Amino acid sequence: MSGLSMKNISHAFSNRSVLNDVSIDVESGKVACLLGPSGCGKTTLLRIAAGLEPLQAGEVTVGDRLLAQAGKLDTPPEDRNIGLMFQDYALFPHLDVESNIAFGVDPGMSERRQWISGALDRMSLSGYATRYPHELSGGQQQRVALLRALAPDPSILLLDEPFSGLDVTLRAQVREQTLELLRETGRTALMVTHDPEEAMFMSDTLLVMNEGRLVQSGHPVDVYRHPVNTFVANLFGDTNALRGQCVEAGRVETPFGTFAAKGVTAGTTVDVIIRAEGFRALTDGDTASNTATVQVTTAYPIGRSSHLRLVLEKGHGAPLHARFPGVFIPAPGSELQIAVDPDQVFIFPTNA
Ligand code: ATP
């Protein structure tokens, strides 16, 4: 299997820059996810990899094959040996499931034909080979589209928001099946998503983009635990931003006591970002560091967790958003003693 390498990619539409010197590597046999807000350039980067968007700057390589180099080479999409899957699935309505999947496979490739029947089985589609797309559910169409992209045995697979049309339950199930199939076939894949949970679940490497730039890349757990800035910290769900002061080199004072802040010099004003899930309610007799007394404003159960709005006793700043596991609904107006998990606190110099 081959890996994908995109180097120094810049791109503009009508002189408006949408990608700025982006370089990414997807290791052979691994899944990488491009994660970022709408309009940050994820799909454009994917389309450049596929050859659907002409390359303006940089180069694209799959394995040891240079596919595109600005001004010199731009291999057409059909000659790139790349599998594509977009969010609308784009199945051929006049072909049944088996013919849709086999569409790009040379009839002489008997091994791939055999692969198709095995793959239909594995994706729980064996009884559906002669059905037409309109006779399938959304989840079944998604799986047919995935098999169609994989059937010609592409070097790499590019997926653009492949699960966005599915409801929450189906989405979890289908993405697990998809990941299993990618892993089983040792496929190199680059997937676009704006869902951080999906990106964490699917990827070996997370590539975070913002405003046309790559902001951070790495193993999803490392990116979650060590975001490089407020933007990345905020990507994974609700956070709280407090102002803090670096009282001595590497130590920051906040309403929850002091926290370590590596590399921050004394006197610097900092943003202290605390994840909503970074709080713990203390009960009588509990001891912990980094605690504060708060007053409950509102408390709502939202399924697996409860969402509380809290104000700090001394009226510091905006209300805090906190998420506690399970059903935890203290009465509005009641006081709580809460502790902050330092692993869920991220400190960045203000305006850095
Ligand atoms: P989303 O998550 O909403 O799909 P994205 O991160 O994939 O967004 P792109 O689709 O790559 O973002 O778009 C990046 C920017 O380029 C956007 O501002 C978009 O409006 C613009 N853009 C994309 N395609 C074209 C085009 N063909 N012509 C002009 N502008 C374009």
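Residues numbered from 1 in each chain as written. Predicted model: local features only at pLDDT ≥ 70, side-chain atom pairs only at ≥ 80, totals over all residues. Heavy atoms only, no water.

Caption draft 1: How the structure looks around unusual backbone geometry. The phi angle at Ser14 is positive, at roughly 45°, despite the residue not being glycine. By secondary structure assignment, the location of Ser14 is in the loop between strand E1 (4-13) and strand E2 (16-26). Exposure remark for Ser14: the relative accessible area of 74% places this residue in the exposed category. Positive phi, close to 55°, is recorded for Asn81, a residue that is not glycine. With respect to the helices and strands, the residue Asn81 is situated in the loop between strand E6 (73-74) and strand E7 (82-85). In this structure Asn81 comes out as partly exposed when scored by relative accessible area, which is 35%. (Helix = DSSP H or I, 4+ residues; strand = E, 2+ residues; numbered from the N terminus. Buried < 20%, exposed > 50% of the residue type's maximum accessible area, 1.4 Å probe, protein only.)

Caption draft 2: Up close: the domain arrangement of the protein. Each assigned domain of the protein is listed with its residue range as follows: domain 1 (4-233) and domain 2 (237-349). Each of domain 1 and domain 2 was reduced to a C-alpha centroid, and the two centroids are 38 Å apart. Counting from both sides, the interface comprises 7 residues of domain 1 and, opposite them, 8 residues of domain 2. Here domain 1 is connected to domain 2 by 0 salt bridges. Every element with two or more residues in the side of domain 1 that touches domain 2 is listed here: helix H7 (220-225) and helix H8 (230-235). Across the side of domain 1 that touches domain 2, the residue classes tally to 4 nonpolar, 2 polar and 1 charged. (Domains from an automatic or database assignment. Contact = heavy atoms within 4.5 Å. Salt bridge = Lys/Arg side-chain N within 4 Å of Asp/Glu carboxyl O. Nonpolar A, V, L, I, M, F, W, Y, C, P; charged D, E, K, R; others polar.)

Caption draft 3: Geometry of the packing of aromatic side chains. Inspection of every chain in the model, using the stated rule, returns 4 aromatic pairs. Taking the centre distance of 5.3 Å and the plane angle of 85° together, the rings of Tyr224 and Phe236 count as edge-to-face. Placement of Tyr224 in helix H7 and of Phe236 in the loop between H8 and strand E12 (239-248) is noted, with a sequence separation of 12 residues between them. Assigned by exposure class, Tyr224 and Phe236 land together as buried. Here Phe256 and Phe279 contribute two aromatic rings whose centre-to-centre distance is 5.9 Å and whose plane-to-plane angle is 45°, an arrangement assigned as tilted. Of this pair, Phe256 sits in the loop between strand E13 (251-254) and strand E14 (257-260) while Phe279 sits in strand E16 (residues 279-281), placing them 23 residues apart in sequence. The class of Phe279 is buried, set by a relative accessible area of 5%. Its end group placed over the ring of Phe92, Arg148 keeps NZ or CZ at 5.1 Å from the ring centre. The positively charged end of Arg275 is found above the aromatic ring belonging to Tyr224, 3.9 Å away from the centroid. (Phe/Tyr/Trp six-rings, centres within 6.5 Å; stacked < 30°, edge-to-face > 60°. Lys NZ or Arg CZ within 6 Å of the ring centre and 35° of its normal.)

Caption draft 4: View of the site of the ligand. Taken together, the residues surrounding the ligand are Phe13, Arg16, Val18, Pro37, Ser38, Gly39, Cys40, Gly41, Lys42, Thr43 and Thr44. Contacts to the ligand include Ser38, whose side-chain N or O atom sits 2.6 Å from an oxygen atom. At 2.8 Å, a backbone N or O of Gly39 approaches an oxygen atom of the ligand. In isolation the ligand offers 630 Å² of accessible surface; the protein chains occlude 61% of this area. Going through the elements one at a time, E2 and helix H1 (42-50) are the ones with two or more residues in the shell around the ligand. Per element, the largest residue contribution to the shell around the ligand is 3 residues, and it comes from H1. (Near = heavy atom within 4 Å. Polar contact = N/O pair within 3.5 Å; in protein donor to acceptor, adjacent residues only side chain to side chain. Areas by Shrake-Rupley, 256 points an atom, 1.4 Å probe, with all protein chains shown as cover.)

Caption draft 5: Representation of the packing of helix H4 (residues 138-150) against helix H5 (residues 168-184) in the model. Put simply, H4 and H5 touch, their axes get as near as 10 Å, and they point 20° apart. What the angle tells us is that H4 and H5 run roughly parallel. As for how H4 packs across H5, the hand of that crossing is right-handed. Facing Gly139, Gln142, Arg143, Leu146, Leu147 and Leu150 of H4, the residues of H5 in contact are Leu170, Val174, Gln177, Thr178 and Leu181. (Axes fitted to C-alpha atoms, helices over the stretch in contact; angles between N-to-C directions. Parallel < 35°, antiparallel > 145°, perpendicular 65-115°, else oblique. Left-handed = near helix turned anticlockwise from the far one by under 90°.)

Caption draft 6: View of the sheet that holds strand E15 (residues 269-275). Taking strand neighbours across the sheet as the criterion, the 5 strands line up as E14-E13-E12-E15-E21 in an open arrangement whose pairing is antiparallel. Only two strands of the sheet have a single partner each, and these edge strands are E14 and strand E21 (345-349). Each neighbouring strand pair of the sheet contributes to a mean axis angle of 40°, computed without reference to strand direction. Where E12 lies against E13, 3 bridges are found, and the strand directions are antiparallel. Residue pairing for E13: Gln245 is matched across the bridge by Glu253. (Pairing = 2+ DSSP bridges.)

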